[in-house]
Amino acid sequence: MTSLSRELVFLILQFLDEEKFKETVHKLEQESGFFFNMKYFEDQVQAGEWEEVERYLSGFTKVDDNRYSMKIFFEIRKQKYLEALDKQDRARAVEILVKDLKVFSSFNEELFKEITQLLTLDNFRENEQLSKYGDAKSARTIMLVELKKLLEANPLFRDKLTFPAFKASRLRTLINQSLNWQHQLCKNPRPNPDIKTLFVDHTCTPPNGARAPTPSTNPLVGTLPKGAVFPPIATHSPFQPAGASSGSLSGWMANPNPAAPHSAGPVSLAPPPNAAAFLKRPRTPPSNGPAVDYQSADSEHLMKRIRGGQSEEVTYPGPGPTHHLNMYSQDDLPKTLARTLNQGSNVMSMDFHPLQQTTLLVGTNVGDIAIWEVASRERLAYRTFKVWEISACSIPMQAALVKDPAVSVNRCIWSPDGAVLGVAFSKHIVHIYSYTAAGDLRQHLEIDAHTGGVNDIAFSHPTSQLCIITCGDDKTIKVWDAVSGRKQYTFEGHEAPVYSVCPHQKENIQFIFSTAIDGKIKAWLYDLAGSRVDYNAPGLWCTTMAYSADGTRLFSCGTSKDGDSYLVEWNESEGTIKRTYSGFRKRSLGVVQFDTTRNRFLAAGDEFQIKFWDMDNTNILTTIDVEGSSASPRLRFSKDGSLLAVTTNDNGIKILANAEGLRLIRMLESRSFEGSRVPPETMATKTSIVNVMPPAVTAPCSLPGAIERSERLTPAVSMNNFSSIDSSRTPDVKPRLLDEVTDKSKNWKLTEITDLGQCRSLRLPDTMHANKVVRLIYTNSGVAVLALASNALHKLWKWQRSDRNPSGKSTASIPPQMWQPASGIVMNNDIGDTNPEEAAACIALSKNDSYVMSASGGKVSLFNMMTFKVMTTFMPPPPAATFLAFHPQDNNIIAIGMEDSSIQIYNVRVDEVKTKLKGHQKKITGLAFSHVLNVLVSSGADAQLCLWGIDGWEKRKSKVVPVHPGRSSPPVGDTKVQFHNDQIHLLVVHESQLAIYDASKLERLRYWSPHDSLSAPISSAIYSCDSVLVYASFCDGAVGVFDAESLRPHCRIAPSAYSPSVMNSNAYPLVIASHPSEPNQFALGMTDGGVYVIEPSESEGKWGVGPPPDNGTVGSNPTLSNQGSEPPSR
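The structure presented is a predicted model; accordingly, all values stated were derived computationally and were not measured. Here the residue index of a chain counts from 1 through its sequence in written order. Whole-chain, interface and lining totals are the exception, using all residues; otherwise, since this is a predicted model, local features are given only for residues with pLDDT of at least 70 and side-chain atom pairs are given and counted only at 80 or more. Side-chain measures here rest on the full set of heavy atoms in the structure, leaving out hydrogens and waters.

## Describing the sheet that holds strand β42 (residues 912–918)
Item 1. For two strands to be treated as a pair, DSSP must find no fewer than two bridges joining them. Per the convention used, a helix needs a DSSP run of H or I reaching at least four residues, while a strand needs a run of E reaching at least two, with both numbered from the N terminus. Taken in spatial order, the four strands make up an open sheet running β39-β40-β41-β42, and their pairing is antiparallel. Because the sheet does not close on itself, it has two edges, and the strands there are β39 (881–886) and β42. The sheet shows a mean angle of 25° between the axes of neighbouring strands, taken without regard to direction.
Item 2. Pairing between strand β41 (residues 902–907) and β42: six bridges, direction antiparallel. For I905, the partnering residue across the bridge sits in β42 and is T915. Axes, fitted as lines to C-alpha atoms, cover a helix only where it is in contact. Angles between the N-to-C directions of the axes lie from 0 to 180 degrees.

Given below as structure tokens:
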């Protein structure tokens, strides 16, 4: 098939999908074999439609095509077999075994026998490899992850997993262009000809012999471009559905003035619908305020290109450029109650801070606003309603307040960078506050915005300057300068009070959607040309609109006067409803509120519940009951979707969290400041415990030039998480030397743990020859410990579930088993011609604990953790691999540190090095990715740190680990790095020091160096799982436990406390690992080959207590006085 014929198939696929011929779409995908629709495949697998799954696959591959295809079919048929066994349907299981699985016996007879033996078991979970099998649903989800990897790796699917990127409704556009061209060739073109067929070329004859003007001279269409290239049909597309409105969501920007019904314009197959209403559309009168032109040359060019109403983005569903990375499941929804806040008044509006994920803005029905830190349950700021300057208010507003002083908050919202917040009140005015890093609110603007209530407020960046958008009972939308408060635009055209606004940007075009309580939806450019569209919202009453986080999908939710609620997704290319979500009660008891998260989920409050939908499925995904919630609770997701705030009928707020949100709350809760720790002079500006992000504007009186786009703000990381330096101190212009801070808390002493009974320790049983442990990690599930010895041998210890240990997680109280598969295979790294005792070993574990990647001076080996078999090897030396790290967004991409000081970015799937990074002088000893900063930090044996951007792999910065006082020579030797849970701060470990860095600037914020009772060189260090503690091992066998913020020591664990034999053998911990979910548990890998798991005693439950700060300065043990801090540079 020719390339053009192939492209025609894609155009037909897009057209069929837009016309909702779903079965035909997938049939054509399968028969043509051009595009594998991963989303459809996932849905069929999740539904257990095994026949359709294999039928669909058969269009792209067969069982014996290659090893990837064989594995794909095997996994599917094995799952089908296990589900039959789980249902005790032995007959069906035997049928699957004989018909579907026997074909694999010729390739692996031993495996087929093992599968057959499952028939003899009462429960196949008795087989050790299947002991973790849950239910069918979870097993299908796990299998899908593996199938996706196989499909992506399979060369037969290369270039078939992504739908080509072209504009929506492309086939329609081509037909429209053809009709335009045919009409242009007519000898007697008629205005708005009624085209009834596409089967023959179009011709028209003039009525009564008259000739209408051609499109080339039509003033409403404009001069046609040269080269016989005609603009496609816009407003009156021949394929427009009968129920469509007069404009389209992507075409309205280019058509401010509708074409007159009797002019000779572009050809259409049908007369323009609602033409009369279209002509009566109100125009925006000239604004009294000075006009600001927000349109650029780029936007003009775009408007010409999309004159036909074609979107820049493909609307075809499937694993395209926009949505194919959505890997979220129901478990990512916040459902667990984490916090309850008592606001004291009925909550009307909420919004999470865009950067500080646990900071919540709240507005109430009595006009109060509050800012909560949900982790610590602390109310950071509170303001009651009052008019700041009554004399500046309009007479109608003053009269309204005299008549009825009651005022409610209708909406409160953060600006995109969190530097300011806006509050819209039920009477006339808007308040704008600046928000400082200290959690302080400062009055900035009071705007008498609308006559009557101000129903909604939003922020937008039509230019580099921040703007405020409001709407109100006076039927207008207004745009204000956020610095001066000057009105820039007034949009008029609604015939009822305007209920909500939704600003957005597409292709550098800034626009605003607005909804009114008569159900009308309009759209506006920042100009004076009137509204661009006029749609009816379902329910014809109160409706709000919102885009998905990535800005590609538009949703609205509303309730009619009769209580019927509607949640819909819009087709922007046609201005029609793409899908309507079901599940609302017949008569809602209030206006239903909704929100979106993670580009995947929708949530709405209805029937005293929170209802969730997958954006791609109209049926309810799940519901949760929130105790005490109102009939139609208001709700708001945090920006990362890990938290959900829900209002209750007792004037409170419930904070729901997923696993990620719970970890964040626990981490921040443990780091919250107590009132006694804040010096009196800084009490008024107490900083939020989560201010680890760039602070907001600190001087609201100097807002000009400050409220710009967030990227113009110089990020300055708050020091509150790392020191208690006086908040009134500002960084010097010149860099100052690190302060040596001495401890003034005379009564505090470092906790010394010296005896076996003072902590719980366990040496793991070992039946193999003991060589020093060079790498040590816990599995992500926390049920096993994996060690790599200097002789290239791996050892795995697993804890079993029992009455004493129902969770099966690792513990120092119960010995584990040294685990090996039944085959007796051991995991040995390739060593080639090298001496593994001298090689730099490295290891990395996959997120699901299925695979481990490892090297000991030879090739890098990929092992199956269940069978211990080598799946593949790569990267033969020289140079040898010295460190491994998985890319945070793509497990197929690995950063490999090399012995020759380079870093290779390797794609496992295609077996190629994407790029090679050079910046170090000696071998790489540490790599750490940050998905928040989008960077890779590397460290080397040259004691140098390098910062790399992972989009283009460019080197951004490099710094040498500084010499600490008392040493004259620069530090050399291995340097390790690890990111804090916030993915911004970085732990840097060198034998001479521990240090905390701001990774975005590679700036050292805090360090500690060995001294006195912890005076030996540092051998290893790591964060606890919650990033509250740092565990460090020393070359004299001791272990130090430090506070992760201040690097103040909590306690010292002597080697005699965990192993008296260590004292006699001169062995010491070479590596240390922290448990993935138990913050007070860690493991040690020793130079004598031993592995120890250590926990606090059950009576203590934690590792000592750090010294209290004195007067706000950082304290340190007199024996540990080398602790210092550095301010951020100006």
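## Side note on the side chain of K798
Item 1. Looking at the secondary structure, you find K798 in strand β33 (residues 794–798).
Item 2. It turns out K798 is buried and unbridged, and the closest side chain with the opposite charge, E128, is 5.1 Å from it.
Item 3. The criterion used for residue contact is that any of the two residues' heavy atoms lie within 4.5 Å. Residues in contact with K798, not counting those within four places in the same chain, are V783, A784, P816, Q817 and W819. Three exposure classes are used, based on accessible area relative to the maximum for each residue type with a 1.4 Å probe and protein chains only: buried under 20%, partly exposed in between, and exposed over 50%. The charge count includes Lys and Arg as positive and Asp and Glu as negative, but it does not include His or the ends of the chains. Put simply, a salt bridge is a Lys or Arg side-chain nitrogen that is within 4 Å of an Asp or Glu carboxyl oxygen.

## Re helix α9 (residues 170–185)
Item 1. The terminal C-alpha atoms of α9 lie 23 Å apart, and with 16 residues this matches the ideal 22 Å at 1.5 Å per residue to within 8%.
Item 2. Taken as a whole, α9 has its buried residues at L171, R172, T173, N176, L179, N180, Q182 and H183.
Item 3. Tucked into the core, α9 has its buried residues touching α1 (3–18). Here the expected span of a helix is defined as 1.5 Å times the quantity of residues minus one.

## Focus: the packing of aromatic side chains
What characterises a pair of aromatic rings is the spacing of the ring centres plus the angle enclosed by the ring planes.
Item 1. Each Phe, Tyr or Trp ring (for Trp, its six-membered ring) is paired with any other whose centre lies within 6.5 Å, and the angle between the two planes then decides the class: stacked below 30 degrees, edge-to-face above 60, tilted in between. Counting across every chain of the model gives 33 aromatic pairs.
Item 2. For the pair F36 and F157, a centre-to-centre distance of 5.1 Å together with 90° between the ring planes defines the contact as edge-to-face. Of this pair, F36 sits in the loop between α2 (22–32) and α3 (38–47) while F157 sits in the loop between α8 (136–153) and α9, and the two are 121 residues apart along the sequence. Of the two residues examined, F36 and F157, each falls in the buried class.

## Quick look at unusual backbone geometry
Item 1. With an omega of -5°, the peptide bond running from P877 to P878 counts as cis.
Item 2. Each neighbour pair has its own omega, and for P878 with P879 the value is -10°, a cis peptide bond.
Item 3. Looking at the element boundaries, P879 is found in the loop between β38 (870–874) and β39.
Item 4. For R598, which is not glycine, the phi torsion reads 55° and is therefore positive.
Item 5. Considering the arrangement of structural elements, one finds R598 in the loop between β22 (594–597) and β23 (601–606).

## With respect to the pattern of salt bridges
Item 1. Overall, the coordinates contain 38 salt bridges when judged by the stated rule.
Item 2. Across the salt bridge formed by E95 and R92, the nearest N and O atoms sit 3.4 Å from each other. Within this pair, E95 and its partner R92 are both found in helix α6 (residues 90–101), separated by three residues, close to a single helical turn.
Item 3. By relative accessible area, R92 is classed as partly exposed at 32%.
Item 4. Across the pair R760 and E1095 runs a salt bridge whose closest N-O atoms are separated by 3.8 Å. With R760 in strand β30 (residues 759–763) and E1095 in strand β57 (residues 1091–1096), this pair connects stretches of sequence that are 335 residues apart.
Item 5. When its relative accessible area of 23% is taken as the criterion, R760 is described as partly exposed.
Item 6. When salt bridges with common partners are traced through the structure, they connect D351, D595, R636 and K639 into a single cluster.

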